[in-house]
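Single-letter residue listing:
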Amino acid sequence: MTRPIHVLTIMGTRPEVIKLAPVVGALQDAPWAVSRLVVTGQHRELASTMLETFGLRPDHDLDMMRPNQDQGKLLARMLTRLVPLLRSGSPDLVLAQGDTTTVLASALASYHAGIPFGHVEAGLRSHDLSQPFPEEMNRTLAGRLAALHFAPTPRAVSNLLAEGVTAETIHLTGNPVVDMLRRMVEQSSNCPAPVPGMDGPLLDDVIAGRKTLLLATMHRGENLHGGISQVTAALLELTSKVPSCVVVWPVHPNPAVRRAAARLAGIEGVRLLPPLPYPAFLRLLCLARLVLTDSGGVQEEAVVLGRPVLVLRQVTERPEVLESGLGTVVGTDPTAVVAAALSRLALPDRGVCLSGPTPFGEGIAGRRIADIIRSWWSARCRRSS
Ligand code: UDP
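Rules and cut-offs
- Residues numbered from 1 in each chain as written.
- Predicted model: local features only at pLDDT ≥ 70, side-chain atom pairs only at ≥ 80, totals over all residues.
- Heavy atoms only, no water.
- Near = heavy atom within 4 Å.
- Areas by Shrake-Rupley, 256 points an atom, 1.4 Å probe, with all protein chains shown as cover.
- Helix = DSSP H or I, 4+ residues; strand = E, 2+ residues; numbered from the N terminus.
- Nonpolar A, V, L, I, M, F, W, Y, C, P; charged D, E, K, R; others polar.
- Expected span 1.5 Å × (residues − 1).
- Bend = angle between axes of the 7 residues up to and from the residue.
- Buried < 20%, exposed > 50% of the residue type's maximum accessible area, 1.4 Å probe, protein only.
- Phe/Tyr/Trp six-rings, centres within 6.5 Å; stacked < 30°, edge-to-face > 60°.
- Axes fitted to C-alpha atoms, helices over the stretch in contact; angles between N-to-C directions.
- Parallel < 35°, antiparallel > 145°, perpendicular 65-115°, else oblique.
- Left-handed = near helix turned anticlockwise from the far one by under 90°.
- Contact = heavy atoms within 4.5 Å.
- Disulfide = S-S within 2.5 Å.
- Pairing = 2+ DSSP bridges.

**Q** I would appreciate a short explanation of the site of the ligand in the present structure.
**A** Around the ligand, 16 residues are found, and the nearest of them are Leu276, Ser295, Gly296, Gly297 and Glu301. Protein chains shield 95% of the accessible area of the ligand, which is 540 Å² for the free molecule. Contributing elements (two or more residues each) for the shell around the ligand: helix 1 (14–29), helix 11 (278–287) and helix 12 (296–304). The biggest single contributor to the shell around the ligand is helix 12, with 4 residues. Looking at the shell around the ligand, its residues break down into 9 nonpolar, 4 polar and 3 charged.

**Q** What exactly am I supposed to notice about helix 1 here?
**A** In this model, helix 1 (16 residues) spans 23 Å end to end at C-alpha, consistent with the 22 Å of a helix rising 1.5 Å per residue. Where helix 1 bends most, at leucine 20, the angle is about 40°, and the proline proline 22 comes one to four residues later. Along helix 1, the residues that are buried comprise Glu16, Val17, Ile18, Lys19, Leu20, Ala21, Pro22, Val23, Val24, Ala26 and Leu27.

**Q** Honestly, the packing of aromatic side chains in this entry has me stumped. Any pointers?
**A** Where two aromatic rings form a pair, the distance of their centres and the angle of their planes describe that pair. Evaluated as defined, the whole model comprises 2 aromatic pairs. Ring centres 6.1 Å apart and planes at 80° place the aromatic pair phenylalanine 54 and tyrosine 278 in the edge-to-face group. Of this pair, phenylalanine 54 sits in the loop between helix 2 (44–53) and strand 3 (60–61) while tyrosine 278 sits in helix 11, and the two are 224 residues apart along the sequence. On the basis of relative accessibility, which here comes to 17%, the residue phenylalanine 54 falls in the buried class.

**Q** What should I look at first to understand the packing of helix 11 against helix 12 in this one?
**A** To describe two helices that pack against each other, one gives the angle between their axes and the distance between the axes. Contact pair helix 11 / helix 12: the axes reach a minimum separation of 10 Å and the direction vectors enclose 50°. On the basis of their axis angle, the class for helix 11 and helix 12 is oblique. When the axes of helix 11 and helix 12 are compared, the crossing they make is right-handed. Side by side, helix 11 and helix 12 meet where Tyr278, Phe281, Leu282 and Leu285 of the first sit next to Val298, Glu301 and Ala302 of the second. Here the contact of helix 11 with helix 12 is built from residues that sort into 6 nonpolar, no polar and 1 charged.

**Q** Quick question: what am I supposed to make of the side chain of serine 35 here?
**A** Relative to the helices and strands, serine 35 is located in strand 2 (residues 33–39). Look at serine 35 and you get buried, because its relative accessible area is 18%. Excluding anything up to four places from it in sequence, serine 35 contacts Val7, Val24, Leu27, Gln28 and Asp59.

**Q** Could you clarify how one ought to interpret the state of the cysteines in this entry?
**A** What makes a disulfide is a covalent bond joining the sulfur atoms belonging to two cysteines. Under the counting rule described, the total for this entry stands at 0 disulfides. With no disulfide of its own, cysteine 191 lies 15 Å from the sulfur of cysteine 286, the closest cysteine sulfur. For cysteine 191, a relative accessible area of 57% gives the class exposed. Between cysteine 353, a cysteine without a disulfide, and cysteine 286, which holds the nearest cysteine sulfur, the sulfur-to-sulfur distance is 10 Å.

**Q** How should I be thinking about the sheet that holds strand 12 (residues 309–311) in this particular structure?
**A** By definition, the strands of a sheet pair up through backbone hydrogen bonds, in either a parallel or an antiparallel sense. Across the sheet, which stays open at both edges, the 6 strands sit in the order 10-9-8-11-12-13 with parallel pairing between neighbours. Either end of the sheet is taken by a strand with one partner, and the two such strands are strand 10 (270–273) and strand 13 (327–329). Neighbour to neighbour, the strand axes of the sheet diverge by 20° on average, direction disregarded. Note that strand 8 (residues 212–217) and strand 9 (residues 245–250) share 4 bridges and pair parallel. Looking across to strand 9, one finds that leucine 213 is bridged to valine 246.

**Q** Looking at this model, I keep getting lost on unusual backbone geometry. Mind explaining?
**A** Note on backbone geometry: most residues besides glycine have negative phi, and most peptide bonds are trans. Of the consecutive residues glutamine 131 and proline 132, the connecting peptide bond is found in the cis state with omega at -5°. One can find proline 132 in the loop between strand 5 (117–120) and helix 5 (135–145). Note that the residue after phenylalanine 133, namely proline 134, is joined by a cis bond; omega there is 0°. On the secondary structure map, proline 134 appears in the loop between strand 5 and helix 5. Phi at aspartate 63 takes a positive value of approximately 45°, unusual for a residue other than glycine. Along the chain, aspartate 63 turns up in the loop between strand 3 and helix 3 (71–89). One non-glycine residue, serine 90, lies in the positive phi region at around 30°.

**Q** Is there a simple way to think about the packing of helix 1 against helix 2 in this case?
**A** Running from N to C, helix 1 and helix 2 cross one another at 25°; their axes reach a closest spacing of 7 Å. The pairing of helix 1 with helix 2 is recorded here as roughly parallel in orientation. Classified by chirality, the crossing of helix 2 by helix 1 is right-handed. Along its contact with helix 1, which presents Arg14, Val17 and Ile18, the element helix 2 presents Leu46, Ala47, Met50 and Leu51. Taken together, the residues of the contact of helix 1 with helix 2 break down into 6 nonpolar, no polar and 1 charged.

Shown next as structure tokens:
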């Protein structure tokens, strides 16, 4: 009989917690696995709120973030901590998700410690190393180092095959964001989550259709030097062109984002909110008539819920968003953003979708990834016995 596999999952930012929680949950439920959790602290506040929401307790908290720390320094400090941690803990598999510095550090540290690395949400490519920066590079390099690739879509599988990754190591799993999003929406169906910072009457107006909700989020590095200011100009124009609209923007804590968003503070028709708990954010997504975002995860979630989305970037590594017919890449030029928003708003709303297949899977990725890990581990144990 094979001994239980020891899996160490490393996460650092808000989306990593959201997307890894279903995988960690499936591993925690499995009698054949011992699951441990490390948080790097790359997004201290945002990730902590999410860990609490999902009841996840880290075994190690590396507390890596320092004021004004650039990504290079962060990577170096993470490696310094992670390599000895992996050597001393010697897990059988390290898991990380996505494209952040935490992911690249986890993949590199696993390589140096001689431990196989499993990459969740593998194979997304914009094919432009400058955007998203440094995420495209992080994800590509993590792919070079991974022993197991959990690709969310057929397109991601093709990208990996085109780079010469061995087919047997690539698994089409769907994206665990669908698992988590559906679970949370279902849980809150009888008891809608309060939305901090959004008063009852305004929410009632949105629910009753008296107000048209435009939900905005921005934080991408490429947009910090002008892009966000351009989008604030576009949002301002939309509030005057669409009198029924209310722009709701949960503002990312990055100081540059906060400075740019502050331009809209106090404007009629705009609500700047603090970063929202996941259930509250999902409630707004379901109510939104249009989503404007440069976030990766929010693009996916909008499409899974059937919400139209304008992608405030020059490229997306998620072409499935565009192919769904719900998404458009618009960049940040105010004229383009306003024109795209107005033409989207002129189309009929097909309503919120809460079930069925989506371009990012059916909502069983967490369990699927756990099953693949189990088979991989059994085969490995058979080979070495
Ligand atoms: N999100 C949230 N509260 C907010 C804004 C976003 O819970 O106020 C969630 C959102 O639903 C998505 C994730 O955070 O699952 C996206 O994170 P972010 O945009 O920071 O990162 P990205 O996906 O671009 O890497």
